[in-house]
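Architecture at a glance
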Amino acid sequence: HILIATGSRAHRPDIPGQELAITSDEALSLEELPKRAVILGGGYIAVEFASIWRGMGSTVDLCFRKELPLRGFDDEMRAVVARNLEGRGITMHPCTTLTKAFVITNCWFG
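Residues numbered from 1 in each chain as written. Predicted model: local features only at pLDDT ≥ 70, side-chain atom pairs only at ≥ 80, totals over all residues. Heavy atoms only, no water.

**Side note on the sheet that holds strand S3 (residues 91-93)**
Reading across the sheet, the three strands line up as S1-S2-S3 and stay open at both edges, with parallel pairing between neighbours. Looking at the sheet topology across the chains shown, the edges are occupied by strand S1 (36-40) and S3. In this sheet, neighbouring strand axes are inclined to one another by 15° on average, regardless of whether the strands run parallel or antiparallel. (Pairing = 2+ DSSP bridges. Helix = DSSP H or I, 4+ residues; strand = E, 2+ residues; numbered from the N terminus. Axes fitted to C-alpha atoms, helices over the stretch in contact; angles between N-to-C directions.)

**What to know about the confidence of the model for the protein**
For the protein, per-residue confidence averages 88 on the pLDDT scale, and residues scoring 70 or more make up 87% of the total. Within the protein, helix H3 (residues 75-87) carries the highest mean pLDDT (98), whereas strand S5 (residues 107-109) carries the lowest (50). (pLDDT = per-residue confidence, 0-100.)

**Focus on the environment of Phe49**
Its place among the elements puts Phe49 in helix H2 (residues 44-55). Once the C-alpha coordinates of Phe49 and Leu62 are considered, the two residues, 13 residues apart in sequence, prove to be 9.7 Å apart. Once you skip the residues sitting within four places of it in the chain, Phe49 turns out to touch Ser24, Ala27, Leu28 and Ile39. (Contact = heavy atoms within 4.5 Å.)

If you want it as structure tokens, here you go:
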């Protein structure tokens with residue numbers, strides 16, 4: 001048996017206002033559910049957080065650089081996931097790159 005764990009570290013984007021953002025690691029330690037969340041990324045961790053927080057009542061925007069989330073997965077499946085996320089009330093922002101983060105009424109945007 002062989003296990004290859006490539007690993008990855010969560011990081012804040014290198015943009016003005018990055019100190020207002022949290023990583024997925026810190027999101028696991030929040031004491032309160034965010035009322036609104038802007039999630040940067042289209043990978044499975046971003047999609048999971050978007051789904052969980054939306055399911056618990058948060059308003060969620062999911063921003064990602066490609067046309068569909070979950071790059072590297074089957075394109076048909078990616079399209080189905082995107083439709084399902086939208087159907088759950090998650091606002092999708094494909095082909096989006098955040099350039100800054102700032103606070104508006106106790107939430108962060110970019």
